[in-house]
Amino acid sequence: MFLVGLTGGIASGKSTVTKIFREDLNCACIDADIIARKVVEPGKPAYKKIRSEFGDEILLMDGKLNRDKLGSIIFHDAEKRQKLNAIVHPAIKKQMLWEICLYFLKGYQFVILDIPLLFETKQMLPYISFSIVVFCHEDQQLQRLMERNKLSEEDARARMRAQLSLSEKCSLCTYTIDNTGSKELTRQNVLQVHSKLCASKKHLFIRLGLLLLCFVAFGACKVFL
């Protein structure tokens, strides 16, 4: 099994592409945003650290994190954003690796990791065989973000600046998916990339490598016994 990193800019259409991979093509997908919400639930270690670092003003009445309030803080303060990332990203990585192991045991050829900050944090890059960037025009991205999150232009641009630009991400990835047009055109792009992933034999080499490691470990055990 090999890993595929799927990323893009905020509001560039990454979730739409992930949905096509998961629902139309039955691919194994792990969403870092979903995991990020789980690891900061009340009582979790990351939640306690965030509360200690940022104070109770970033909590809702029920004790959960006020994501909008926290976002308004970190997207205008790079230092605080780094502090939050240092708390959350290791917890996300740990949970993601656990879910990857489960998919490996189920025999999947590859798993798609939907990670918004794949290139920014580099947490999962050492494990990635192929990377995909979903892109659109900057003005499309800005408009979609303002409409989706009900943000002012200033706040939307602040969130976009917190990430690498789409052009930078496209220069770093293996494949790109154009999301500037209709949903059907995006879907056709996804199908093309999917066919390339399915044609890869990388999973066979990885499984062979693991098998060899098992033989080596077994041989070592026999020597000591």
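For the structure itself, look to the data block above.
Described below are features of the structure shown in this document. Residue indices follow the written sequence of each chain, beginning from 1 at its first position. Per-residue local features are limited, in this predicted model, to residues with pLDDT of at least 70; the limit for side-chain atom pairs, both in listing and counting, is 80 or more; totals at the level of whole chains, interfaces and linings are taken over all residues. Heavy atoms from the whole structure form the basis of all side-chain values; hydrogens and water molecules are not counted.

## Description of the overall build of the chain
Line of reasoning, step 1. Per the convention used, a helix needs a DSSP run of H or I reaching at least four residues, while a strand needs a run of E reaching at least two, with both numbered from the N terminus. In terms of helices and strands, the chain carries 11 helices and five strands.
Line of reasoning, step 2. Every one of the 225 residues in the chain was classed for burial, and the buried ones make up 41%.
Line of reasoning, step 3. Throughout, a contact is declared for two residues whenever any of their heavy atoms are within 4.5 Å. In the chain, once contacts between residues fewer than 6 apart in sequence are set aside, the share between residues at least 24 apart is 72%.
Line of reasoning, step 4. Accessibility throughout is a Shrake-Rupley quantity obtained with a 1.4 Å probe, and a residue counts as covered only by protein chains that appear here. For the chain, the exposed surface amounts to about 12900 Å²; the carbon and sulfur share of it is 57%. Relative accessible area decides the class of each residue, using a 1.4 Å probe on protein chains only: under 20% of the type maximum gives buried, over 50% gives exposed, and in between gives partly exposed.

## With respect to the sheet that holds strand β4 (residues 130-135)
Line of reasoning, step 1. A pair of strands counts as paired when DSSP detects no fewer than two bridges linking them. Pairing is parallel across the open sheet formed by five strands, whose spatial order is β2-β3-β1-β4-β5. At either margin of the open sheet sits one strand with a lone partner, and together these are β2 (28-31) and β5 (175-178). Averaged over all neighbouring strand pairs, the angle between strand axes comes to 25°, with direction disregarded.
Line of reasoning, step 2. When strand β1 (residues 2-8) meets strand β3 (residues 110-114), the two strands line up parallel, connected through five bridges. Note that in β3 the partner of L6 across the bridge is D114.
Line of reasoning, step 3. Convention adopted: a line fitted to C-alpha atoms gives each axis, helices being fitted over their contacting stretch, and angles between N-to-C directions are expressed from 0 to 180 degrees. Lying on the sheet, helix α2 (residues 32-39) is in contact with β2 and β3; it crosses β2 at an angle near 45°.
Line of reasoning, step 4. Contacting β1, β3, β4 and β5, helix α10 (residues 183-199) crosses the sheet at an angle of about 160° to β5.

## With respect to the environment of H89
Line of reasoning, step 1. Secondary-structure assignment places H89 in helix α5 (residues 78-105).
Line of reasoning, step 2. Among the residues examined, H89 registers a relative accessible area of 15% and is labelled buried.
Line of reasoning, step 3. Each C-alpha atom of the pair H89 and L117 lies 9.9 Å from the other, and the pair is 28 residues apart in sequence.
Line of reasoning, step 4. Look past the residues within four positions of H89 in its chain and what remains in contact with it is L117, T121 and Q123.

## Thoughts on unusual backbone geometry
Line of reasoning, step 1. Backbone geometry at A11 places phi at a positive 65°, although glycine is not the residue there.
Line of reasoning, step 2. Locating A11 in the fold gives a position in the loop between β1 and α1 (14-24).
Line of reasoning, step 3. By relative accessible area, A11 is classed as buried at 11%.

## With respect to the packing of aromatic side chains
One pair of aromatic rings is described through two measures. These are the centre distance and the angle between the planes.
Line of reasoning, step 1. Each pair of aromatic rings taken from Phe, Tyr and Trp, with Trp reduced to its six-membered ring, is defined by centres within 6.5 Å and is described as stacked if the planes are under 30 degrees apart, edge-to-face if over 60, and tilted in the remaining cases. Here the structure, examined in full by the defined rule, presents four aromatic pairs.
Line of reasoning, step 2. Pairing Y103 with Y108 gives two aromatic rings, centres 5.3 Å apart and planes at 90°, and the pair type is edge-to-face.
Line of reasoning, step 3. For Y108, a relative accessible area of 29% gives the class partly exposed.

## Description of the layout of surface pockets
Line of reasoning, step 1. A pocket here means an open set of points on a 1 Å grid, computed over the protein atoms alone, that has protein on both sides within 12 Å along at least five of seven lines. A cavity is instead a set of points where a 1.4 Å probe fits but cannot get out; residues with an atom within 4 Å of a point line either one. Grid points are joined across faces, edges and corners, and a volume is the space filled by probe spheres set on the points. For the largest pocket, the calculated volume is near 1400 Å³.
Line of reasoning, step 2. Around the largest pocket, the lining comprises 48 residues; the ones closest to its centre are I10, D33, R67, F75 and P116.
Line of reasoning, step 3. Broken down by secondary-structure element, the contributors of at least two residues to the lining of the largest pocket are α1, α2, α4 (67-74), α5, α6 (118-121) and α7 (138-149).
Line of reasoning, step 4. It is α5 that contributes the most residues to the lining of the largest pocket, eight residues altogether.
Line of reasoning, step 5. Here the nonpolar group is Ala, Val, Leu, Ile, Met, Phe, Trp, Tyr, Cys and Pro; Asp, Glu, Lys and Arg are the charged ones; every other residue, Gly included, is treated as polar. When grouped by side-chain class, the residues that make up the lining of the largest pocket number 21 nonpolar, 15 polar and 12 charged.

## Let's talk about the pattern of salt bridges
Side-chain pairs of opposite charge can arise whenever the charged atoms involved come near each other.
Line of reasoning, step 1. Any Lys or Arg side-chain nitrogen located within 4 Å of an Asp or Glu carboxyl oxygen qualifies as a salt bridge. Applying the stated rule across the entire model yields nine salt bridges.
Line of reasoning, step 2. A salt bridge links D24 to R187, with the nearest nitrogen and oxygen atoms 3.1 Å apart. Of this pair, D24 sits in helix α1 while R187 sits in helix α10, placing them 163 residues apart in sequence.
Line of reasoning, step 3. Residue R187 is classed as partly exposed on the basis of its relative accessible area, which comes to 27%.
Line of reasoning, step 4. Residues E138 and R157 are paired through a salt bridge, measuring 3.6 Å at the closest nitrogen-oxygen approach. With E138 in helix α7 and R157 in helix α8 (residues 153-161), the pair connects residues that are 19 residues apart, well separated along the chain.
Line of reasoning, step 5. Taking the relative accessible area as the measure of exposure, R157 reaches 30% and is therefore partly exposed.
Line of reasoning, step 6. What you see here is one network of salt bridges that share partners, running through E53, E79 and K83.

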